[in-house]
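Inside the fold
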Amino acid sequence: MSNLEMAKKCYQRALTLDVNNAHALTALAMMEMDNERGAKDAHRVKKNVTKMFNAHRQNPNLAATLNGLADHFFKKMRYNKVIELCSRSVERTANVEVKGQAYLLMARTYHKENNFEQASKFYKLARNNFKSNQELLFNPALQMGLGQMALRNKDMKNALSYFEKGLAKNPSCKELLLVLGSIYANKSSLKKSAAAIKYLQKVIELDNVDYEARLELGNLYRSQGSDASKKEALKLYKRSIKAMTEVHGKKPTPDLLNNVAVLYQKLGDFKNARKEFIKALKLSKKDGDSDNNNSSSSNDDDNEIFIDLLKEGSSNYLYEKSNITLTFNVALYLEQTGDRIRAERLHLGIVKHFPGYGESYVCLGQIYRERNMHTEAVEYLKKAVSKFYSPEPIKR
């Protein structure tokens, strides 16, 4: 029955005739759960779950009820219970669509547990059971799962096909918008940057405190090069950090703070660039807090903190693999602000720990050339040529 209101009235009528009708209790609870998906009214959620348990008590073998309870336990992350209930559901029904719903929940559960072989198997079983029902076949969770399995198998073409088909049927699905926007933003060869911007902006419209979409959009604008794009990227990064810290209780990564610092630097705002580098360096040093309070500190205070973080005796953290890009950018900042002595020390430390980091050889060559140290300049520029002017790949 396509008219959900009429179906709801029929189920309500069934309950007036038999208050313990398990089919009606289950159907009404699931319809109300679908209507309230994403809602934070704990009382309503509890009321519908209670209906589901009541239905199960009346008929412990009803497959639809078992699926409904499995969905409840999935949200509670009680994954063993999900597999148990879905397995019982499959055994107790001949209805291919109800079986498909059980298979989909099992697939998502195995996916959450990183059991990708089993997840792939059950996503395919769900798809096969949904073939005669277009609405179920293009369920966003199914298309997302199939797409993610394809990505794991490095099958980008099929992954994009699943995501795009799912989005065509579910144009407001935040998860599909985000995954497609992220892929298009990071795969320049696809030439889909306009679509990436459109999808990521739609995610932000749907969820104003989503920080991931703003990060991806910021990365995309940052790569475009113009000052206007840099300013837009900076705005997106700052809003992302605000949502990340104030709403989601997460700390920004040193990489993100490094990106913010570099944008300030490229826009000529060296004061704010230094503040962001300080935050990134503090986190990288594993002090545990980037502390956002230095926005009110004086230039002299910031300079003292900055120099202290770069002290030769306590700077080993600068040459860890995860921090080397930050260290290189700090060295560039020091060069640009006239502190070539510290910049030289950082570049020498980089090439000592990562001999393939060609860009630091270039910088050292330029520093020595400006000092009229021609022998050293030629030596480092030759090394740069031998490294093809390319940084050593760093595994993250």
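Residues numbered from 1 in each chain as written. Predicted model: local features only at pLDDT ≥ 70, side-chain atom pairs only at ≥ 80, totals over all residues. Heavy atoms only, no water.

Our next topic: the overall build of the protein. On a plain count of helices and strands, the protein comes out with 21 helices and 0 strands. A burial count over the protein gives 46% of its 396 residues as buried. Partitioning the intrachain contacts of the protein with sequence separation of at least 6 by distance along the chain shows that 50% fall at a separation of at least 24. Accessible surface computed for the protein: about 21500 Å², of which carbon and sulfur atoms make up 49%. (Helix = DSSP H or I, 4+ residues; strand = E, 2+ residues; numbered from the N terminus. Buried < 20%, exposed > 50% of the residue type's maximum accessible area, 1.4 Å probe, protein only. Contact = heavy atoms within 4.5 Å. Areas by Shrake-Rupley, 256 points an atom, 1.4 Å probe, with all protein chains shown as cover.)

The next thing to look at is helix α9 (residues 140-152). The periodicity of an α-helix, 3.6 residues per turn, causes residues three or four places apart in sequence to face the same way. Look at α9: 18 Å from first C-alpha to last across 13 residues, which is about the 18 Å you get at 1.5 Å a residue. Within α9, the full set of buried residues consists of L142, Q143, M144, G145, L146, G147, M149 and A150. Here the buried face of α9 lies against α6 (96-112), α7 (116-129), α8 (134-137), α10 (156-169) and α11 (174-186). With its phi angle positive at about 60 degrees, K154 sits one or two positions after the end of α9. (Expected span 1.5 Å × (residues − 1).)

With that out of the way, let us pick up the pattern of salt bridges. Per the stated rule, a full pass over the model turns up 16 salt bridges. Residue R342 is joined to D339 by a salt bridge in which the shortest nitrogen-to-oxygen separation is 2.7 Å. (Salt bridge = Lys/Arg side-chain N within 4 Å of Asp/Glu carboxyl O.)

Scanning the model with the defined rule gives 10 aromatic pairs in all. A centroid spacing of 5.6 Å and a plane angle of 25 degrees characterise the contact between Y110 and F122, whose relative ring orientation is stacked. In this pair, Y110 sits in helix α6 while F122 sits in helix α7, placing the two residues 12 residues apart along the sequence. Comparing Y110 with F122, the two get one shared label, buried. Taken together, the ring pairs connect F270, F277, F306 and Y333 into an aromatic cluster. (Phe/Tyr/Trp six-rings, centres within 6.5 Å; stacked < 30°, edge-to-face > 60°.)

What follows deals with the side chain of S284. Looking at where S284 falls in the secondary structure, it is placed in helix α16 (residues 270-284). For S284, a relative accessible area of 3% translates into the label buried. Separated by 3.3 Å, the side chains of S284 and N323 make a polar contact. If near-sequence neighbours (up to four positions away) are discounted, S284 is found in contact with P254, Y317, N323 and L326. (Polar contact = N/O pair within 3.5 Å; in protein donor to acceptor, adjacent residues only side chain to side chain.)

We now examine the packing of helix α18 (residues 324-336) against helix α19 (residues 340-353). α19 packs onto α18 with a crossing angle of 155 degrees between their chain directions and a minimal axis gap of 8 Å. For the element pair α18 / α19, the angle class is roughly antiparallel. α18 and α19 meet at a crossing whose hand is left-handed. Where α18 approaches α19, its residues I324, T327, F328, V330, A331, L334 and E335 are matched on the opposing element by R340, R342, A343, L346, H347 and I350. A class-by-class count of the residues in the contact of α18 with α19 yields 8 nonpolar, 2 polar and 3 charged. (Axes fitted to C-alpha atoms, helices over the stretch in contact; angles between N-to-C directions. Parallel < 35°, antiparallel > 145°, perpendicular 65-115°, else oblique. Left-handed = near helix turned anticlockwise from the far one by under 90°. Nonpolar A, V, L, I, M, F, W, Y, C, P; charged D, E, K, R; others polar.)

Note that L310 resides in the loop between α17 (299-309) and α18. For L310, a relative accessible area of 1% gives the class buried. Note: C-alpha distance between L310 and V330 (20 residues apart in sequence) is 9.5 Å. Filtering out sequence-adjacent residues up to four positions away, L310 remains in contact with L281, S315, L318, V330, L334, R345 and L346.

The phi torsion at N114 lies on the positive side, around 65 degrees, for a residue other than glycine. Along the chain, N114 falls in the loop between α6 and α7. If you check the backbone angles, N372 has positive phi at about 65 degrees while not being a glycine. Along the chain, N372 falls in the loop between α20 (358-370) and α21 (374-386). Take N372: its relative accessible area is 57%, and that puts it in the exposed class.

On to the nonpolar core, then. Grouped together as the largest cluster of nonpolar side chains are 98 residues, with contacts concentrated most on L281, F306 and V330. For this core, the element with the highest residue contribution is α11, accounting for 8 residues. If we skip the residues at most four places from it in the chain, L281 touches F306, L309, L310, Y317, L318, L326 and V330. Residues L364, Y368, A377 and A384 belong to the second largest nonpolar core, which totals 8 residues. (Core = buried A, V, L, I, M, F, W, Y, C linked by side-chain atoms within 4.5 Å.)

To continue, consider the side chain of N170. Secondary-structure assignment places N170 in the loop between α10 and α11. Only 2.8 Å separates the side chain of N170 from the backbone oxygen of F138, close enough to count as a polar contact. Dropping the residues within four chain positions of it, N170 is found in contact with F138 and P140.

Considering the arrangement of structural elements, one finds A159 in helix α10. The class for A159 is buried, based on a relative accessible area of 0%. Setting aside anything within four residues of it in sequence, one finds A159 in contact with G147, A150 and L151.

A few words now on the environment of H72. Mapped onto the fold, H72 is located in helix α4 (residues 63-75). Sequence-distant contacts of H72, defined by excluding residues within four places in its chain, comprise V49 and F53.

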